[in-house]
Amino acid sequence: MQEQKLLDDHLDWLEAESIYIIREVVAQCANPAMLFSGGKDSIVMFHLARKAFQFGDRPVKLPFPILHIDTGHNYPEVIAYRDSVVEKTGVKLIVGHVEDSIKKGTVRLRKETDSRNAAQAVTLLEAIAEYQFDALMGGARRDEEKARAKERIFSFRDEFGQWDPKAQRPELWNLYNARIAKGENMRVFPISNWTELDIWQYIAREKLELPSIYYAHQREVVKKNSLLVPVTNITPKAPSDISEVLSVRFRTVGDISCTCPVLSSAATPIDIIAETAITEITERGATRMDDQTNEASMERRKKEGYF
């Protein structure tokens, strides 16, 4: 009983901080948007936003749209979930397509099956320019990766959309400065202080619905460099590969070309909390091929305009 109260107090504190940050964005910024991928972090953030603007029994109407940068290589379960959220809540959805950037020539890939994950930065910057967004809220957390840990909650980006860790602003006593010049942009991370375990405990408490691939299911995979690479039309099996069908789940969801599942039999949030509590590898370290090229991969992409 005492442990549950301590957990609820902890989650209540995180929830209150995140709601305060979301409201601060709306108070300080003229034209914000919320990034929404259909992943667990953006689902939690979207839920927090709806709580932030819930007044009595009136229908919730968010004072900003949600923005999804669609690589065209998404897991279909995630896109179906995204569309169901829009249908149920009536939130305005804006989609930026990497495919459109490819057609315009602003994104160039060597071949059709190349990862489009890094290319999202170009499409994102084009969406910011087209819709004149001055702030984007994202679901990044500091425990995910070393470069994320350096990031402020209100993360300043210059007129080229680039992140300079030496040009960030102090954040003392929960005071945030969102002032920017024309062409500059703020990226704001309301759940920055949450951990993967916090996310799952909150999902369990709030009974949030997630795409089915977050839970254990049977999937054909190939074992490569300690990762389980799913066999898909984007990541086909090579003639020399040996595949097997295993019980897996996704800890994080991204572009098919670089996101791998992990072995798991967890079918509920409670099961996943038990697994997460004892894991020694971060979710990106265990599942993301694009972050394993070198330790500076994320920092380099952020400096190029990535989320």
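Right above here is the structure, for reference.
Here the structure is a predicted model, which means the values were calculated and not measured.

Reading the values: rules and limits
Residues numbered from 1 in each chain as written. Predicted model: local features only at pLDDT ≥ 70, side-chain atom pairs only at ≥ 80, totals over all residues. Heavy atoms only, no water. Buried < 20%, exposed > 50% of the residue type's maximum accessible area, 1.4 Å probe, protein only. Helix = DSSP H or I, 4+ residues; strand = E, 2+ residues; numbered from the N terminus. Arc of directions from axis to C-beta. Contact = heavy atoms within 4.5 Å. Pairing = 2+ DSSP bridges. Axes fitted to C-alpha atoms, helices over the stretch in contact; angles between N-to-C directions. Core = buried A, V, L, I, M, F, W, Y, C linked by side-chain atoms within 4.5 Å. Lys, Arg positive; Asp, Glu negative; His and termini not counted. Salt bridge = Lys/Arg side-chain N within 4 Å of Asp/Glu carboxyl O. Polar contact = N/O pair within 3.5 Å; in protein donor to acceptor, adjacent residues only side chain to side chain.

1. Here's the deal with helix α8 (residues 269-278)
Line of reasoning, step 1. If you check which residues of α8 are buried, you get P269, I272, I273 and T276. Viewed end-on, α8 has its buried residues packed into an arc of 105°, placing them on one side of the element. In this structure, α8 carries I270 and I278 as exposed residues pointing more than 90 degrees from its buried face.
Line of reasoning, step 2. The elements touched by buried residues of α8 are α7 (196-206) and β9 (243-249).

2. Considering the sheet that holds strand β6 (residues 185-188)
Whenever strands of a sheet pair, they do so through backbone hydrogen bonds, lying parallel or antiparallel.
Line of reasoning, step 1. Pairing within the open sheet is mixed, and its six strands lie in the order β3-β2-β1-β4-β6-β5. Here the strands that pair on one side only, and so sit at the sheet edges, are β3 (93-97) and β5 (154-157). Direction aside, neighbouring strands of the sheet carry axes that sit 30° apart on average.
Line of reasoning, step 2. Where strand β4 (residues 135-137) and β6 come together, three bridges link them in parallel fashion. By the bridge assignment, A135 is partnered in β6 with M186.
Line of reasoning, step 3. Of the strands in this sheet, β2 (66-70) and β3 touch helix α3 (residues 76-89), which is tilted by about 160° from β2.
Line of reasoning, step 4. Against the sheet, helix α5 (residues 120-131) makes contact with β1 (32-35), β2, β3, β4 and β6, and its axis sits at roughly 145° relative to β2, the strand it touches most.

3. Looking at the nonpolar core
Line of reasoning, step 1. In this structure, I22 and F154 are the most contacted members of the largest nonpolar core, which totals 53 residues.
Line of reasoning, step 2. Contributing elements (two or more residues each) for this core: α1 (2-28), α2 (40-52), α3, β4, β5, β6, α7 and α8.
Line of reasoning, step 3. Ranked by residue count, the leading element in this core is α2, at seven residues.
Line of reasoning, step 4. Counting residues in hydrophobic clusters, the runner-up holds 13 residues, among them L35, I69, I128 and F133.

4. Things to note about the side chain of E17
Line of reasoning, step 1. As for its position among the elements, E17 is in helix α1.
Line of reasoning, step 2. The charged side chain of E17 is buried without a salt bridge, its nearest counter-charge being R142 at 6.7 Å.
Line of reasoning, step 3. A distance of 3.0 Å separates a polar atom in the side chain of E17 from a polar atom in the side chain of N193.

5. Looking at the pattern of salt bridges
Line of reasoning, step 1. The tally for this structure, following the rule as stated, stands at 19 salt bridges.
Line of reasoning, step 2. Among the salt bridges present, the one from E206 reaches K51, with a minimum N-O distance of 3.1 Å. Residue E206 is found in helix α7, and its partner K51 is found in helix α2; the two are separated by 155 residues along the sequence.
Line of reasoning, step 3. Where E206 meets R205, a salt bridge forms, and the shortest distance between an N and an O atom there is 3.2 Å.
Line of reasoning, step 4. Classification of R205 as partly exposed rests on a relative accessible area of 24%.
Line of reasoning, step 5. Bridged by salt links that share partners, the residues D8, D12, E15, K51, R205 and E206 form one connected network.

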